[in-house]
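Here is what each chain is made of, one letter per residue.
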Amino acid sequence: MGPGPPAAGAGAPPRPLSLVARLSYAVGHFLNDLCASMWFTYLLLYLHSVRAYSSRGAGLLLLLGQVADGLCTPLVGFEADRAAGRCARFGPRKAWHLVGTICVLLSFPFIFSPCLGCRASTPEWVALLYYGPFIVIFQFGWAATQIAHLSLIPELVTNDHEKVELTALRYAFTVVASITVYGAAWLLLHLQGSPHMGSTQDVYDQLGVQDVPVFRNLSLLVVGIGAVFSLLFHLGTREGRRRQVEEPDEHSPLLAPATARPLLLWKHWLREPAFYQVGLLYMSTRLIVNLSQTYMAMYLTYSLNLPKKFIATIPLVMYLSGFLSSFLLKPVNKCIGRNMTYFVGLLVILAFAAWVALADELGVAVYVVAVLLGTGCATILVTSLAMTADLIGPHTHSGAFVYGAMSFSDKVANGLAVMAIQSLHPCSSELCCKACVAFYHWVMVAVTGGVGVAATLALCCLLVWPIRLRSCELQAPPPHKSPKPAMGVGLGQDRPRPP
């Protein structure tokens, strides 16, 4: 590629994003959030309780999706970074976002629909093979959209508090998406059960094959709404043109500007201790958020024996509390800092775990513990994303790889954890026996309290060794002017500076 025009005003501080631009960015993950709410909250419930597949079969499909997502995520991140400067009109991040959106729209409805061509006598493994390709395509699209959207944060804003605000807005729309899914699920379940009164009412309070149309219609509603918001994102968000940053080679110029910043490529991140510190914290955060979301419906249905409408109302309460608390995170971050904000969120989650562990029956208190879990999850998720943006800092040319690597660890860990839990399911010959009442009770305690302790240890590492990039400190040019040759831009590349 030939040299592009010089960047005008490169040294001037960037203007703050307008409200319209911030809102346009925030809705760019809305389709993913809608699908993720259905995926984590209802997939196991749909496959196990509605389609009557075995617990291991349902867990295997979820594991397949998480592994596919985990493998696609760093690859998409790496390719998105390499594509910088090649998408002249659309921008590399938005181009990957569009590809991912199309894949999600075309595949997701098939996951929550009956197997085409399958009958009652069809072996379970045939149905699992049928769902497999749709799940892989969906997870590839989901990963492409997620990484493209996350890696735009350091591109659009540079100020720390603006990053928190943009991340909080993003999470606020995540909560809105979840509220939309759970509200629509409650409405569909209510409309389905209203004609069935009298002696059959108890039957329709429990999940079964009669609920297949509910989940199919919900999936179609999800992709319809998500497509509209994805269009708004692409119309309202300008990625901005930046020079393509390439790895130094024999074609690189001999002289580099003295003020240039050390270039961190993907391989240099693997040598940064802070990369693994933040990655461990992010993985622990996602385990708490996703596993509690996955098993909350099972806990409500089998451990607390609540009617099926609660699989919509309790998650709705959780995400409403998360939505309200997300607006407090910016001032709280300013007052007590990132680490203490995360610690406060962990304390709330540990309080939830202790309450669930000590109480066999919750009654109306189930709404209180839902508020605790929703508030705690919102706090730690937004803060961990802000810490990841802090880690990347000005090195946006490799930001997609960082987000991709973080998501790889969280997706694979989530899939393996779900498969391990499903393998321990005590009822092998029926949907639920007496033993599974206590089983899902202690699963909820473990995925919040147990993983919460691991997240606390990861946070302690950040308190002892704060986030900093050692390679930048070693390779940064000295502040004093010197006519002698100095280290250039590329890591490990000795290049003379111009006199």
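Above this text is the structure in question.
Residues numbered from 1 in each chain as written. Predicted model: local features only at pLDDT ≥ 70, side-chain atom pairs only at ≥ 80, totals over all residues. Heavy atoms only, no water.

## Focus: unusual backbone geometry
Turning to step 1, where the next piece is worked out: We note that Ala52 has phi near 65 degrees; this positive angle belongs to a residue other than glycine.
Turning to step 2, where the next piece is worked out: Take Ala52: it is sitting in the loop between helix H2 (30–50) and helix H3 (55–82).
Turning to step 3, where the next piece is worked out: Not every positive phi belongs to a glycine, and Asn305 is a case in point at roughly 55 degrees.
Turning to step 4, where the next piece is worked out: For Asn305, the position within the fold is in the loop between helix H11 (273–303) and helix H12 (310–326).
Turning to step 5, where the next piece is worked out: With a relative accessible area of 55%, Asn305 lands in the exposed category. (Helix = DSSP H or I, 4+ residues; strand = E, 2+ residues; numbered from the N terminus. Buried < 20%, exposed > 50% of the residue type's maximum accessible area, 1.4 Å probe, protein only.)

## Quick notes on the state of the cysteines
Turning to step 1, where the next piece is worked out: Throughout the structure, instances matching the rule amount to 1 disulfide.
Turning to step 2, where the next piece is worked out: You can see Cys72 has no disulfide; the closest cysteine sulfur is in Cys103, sitting 9.4 Å from it.
Turning to step 3, where the next piece is worked out: For Cys72, a relative accessible area of 16% translates into the label buried.
Turning to step 4, where the next piece is worked out: Left unpaired, Cys460 is separated from the closest cysteine sulfur, that of Cys461, by 7.1 Å. (Disulfide = S-S within 2.5 Å.)

## Some thoughts on the packing of aromatic side chains
Turning to step 1, where the next piece is worked out: A complete count under the given rule lists 18 aromatic pairs for this structure.
Turning to step 2, where the next piece is worked out: On the numbers, 5.4 Å between centres and 50 degrees between planes, the contact of Tyr46 with Phe112 is tilted. Of this pair, Tyr46 sits in helix H2 while Phe112 sits in the loop between helix H4 (92–111) and helix H5 (124–150), placing them 66 residues apart in sequence.
Turning to step 3, where the next piece is worked out: Pairing Phe108 with Phe138 gives two aromatic rings, centres 5.0 Å apart and planes at 45 degrees, and the pair type is tilted. (Phe/Tyr/Trp six-rings, centres within 6.5 Å; stacked < 30°, edge-to-face > 60°.)

## Notes on the pattern of salt bridges
Turning to step 1, where the next piece is worked out: As enumerated under the stated definition, the model contains 3 salt bridges in all.
Turning to step 2, where the next piece is worked out: Between Asp69 and Lys411 there is a salt bridge, with the nearest N and O atoms lying 3.8 Å from each other. Of this pair, Asp69 sits in helix H3 while Lys411 sits in helix H15 (residues 399–423), and the two are 342 residues apart along the sequence.
Turning to step 3, where the next piece is worked out: Since its relative accessible area comes to 1%, Asp69 is described here as buried.
Turning to step 4, where the next piece is worked out: For Lys411, a relative accessible area of 3% puts it in the buried group. (Salt bridge = Lys/Arg side-chain N within 4 Å of Asp/Glu carboxyl O.)

## Describing H2
Turning to step 1, where the next piece is worked out: The largest bend in H2 is about 55 degrees, located at Tyr42.
Turning to step 2, where the next piece is worked out: Extensive coverage of H2 is indicated by the burial of 21 of its 21 residues.
Turning to step 3, where the next piece is worked out: In the stretch just after H2, Ala52 is the one whose phi turns positive, near 65 degrees. (Bend = angle between axes of the 7 residues up to and from the residue.)

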